[in-house]
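Each chain, letter by letter, is given below.
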Amino acid sequence: MTYYVSSGTLNPTHSLTLSHYFNFIYFVFHLNALLYRCVSVFQHVVQCVIVAVKTIYSIMLVTFLLEFMFAVIGVQLFKVCAHRSSVAHTLYEIDKWHSNHHHHHHH
């Protein structure tokens, strides 16, 4: 009777430790799988981000070059316009000066 009770008390603890052990293995395996999945997802995210950054960088580079070209063209046009206006102004001043001088000479 006592032997049966003792074996009864011994057996559940034994099976309990075994089930605990198996549960632990199961848990570790699943944790490992989960970690692997997370890492693979993370890798995909990182790759996506790298591709996106490269794309954005190239787009920004092209945009910057376009803006730079427009700026250069604008500055050149402004220079030409300013030069023309200054030349016109100078010619006007010279003309005025000449007309004034000629008038003085006639006097």
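Treat the numbers as computed from the prediction; the structure is a model and nothing was measured.

**Q** Tell me about the overall build of the protein, and please be specific about residues and values.
**A** Check the secondary structure of the protein and you find one helix and zero strands. Just so you have it, the protein exposes about 10400 Å², and 75% of that area is on carbon and sulfur atoms.

**Q** Tell me about a nonpolar patch on the surface, residues and numbers included.
**A** Taken together, the side chains of L18, Y21, F22, F24, I25, F27, V28, L31, L34 and L35 present a nonpolar region at the surface, about 990 Å² in accessible area. Looking at the element boundaries, V28 is found in helix α1 (residues 2-106).

**Q** Requested: an account of the packing of aromatic side chains, with residues and values cited.
**A** Taken as a whole and judged by the stated rule, the model has one aromatic pair. Note on F64 and F68: the rings are 6.2 Å apart at their centroids and 25° apart in plane angle, and the pair reads as stacked. One end of the pair is F64 and the other is F68, both in helix α1 and four residues apart, which spans about a single turn. The class for F64 is exposed, based on a relative accessible area of 54%. With relative accessibility at 47%, the residue F68 sits in the partly exposed group.

**Q** Can you tell me about the confidence of the model for the protein, naming the residues and giving the values?
**A** Considering every residue of the protein, the mean pLDDT works out to 81; 80% of them sit at 70 or more. Scored below 50 in pLDDT, residues 2-6 shows zero contacts in the model against residues more than four places distant or in partner chains.

Definitions and cut-offs
- Residues numbered from 1 in each chain as written.
- Predicted model: local features only at pLDDT ≥ 70, side-chain atom pairs only at ≥ 80, totals over all residues.
- Heavy atoms only, no water.
- Helix = DSSP H or I, 4+ residues; strand = E, 2+ residues; numbered from the N terminus.
- Areas by Shrake-Rupley, 256 points an atom, 1.4 Å probe, with all protein chains shown as cover.
- Patch = residues over 30% accessible without salt bridge, like charges linked within 9 Å, V, L, I, M, F, W, Y side chains within 5 Å.
- Salt bridge = Lys/Arg side-chain N within 4 Å of Asp/Glu carboxyl O.
- Phe/Tyr/Trp six-rings, centres within 6.5 Å; stacked < 30°, edge-to-face > 60°.
- Buried < 20%, exposed > 50% of the residue type's maximum accessible area, 1.4 Å probe, protein only.
- pLDDT = per-residue confidence, 0-100.
- Contact = heavy atoms within 4.5 Å.

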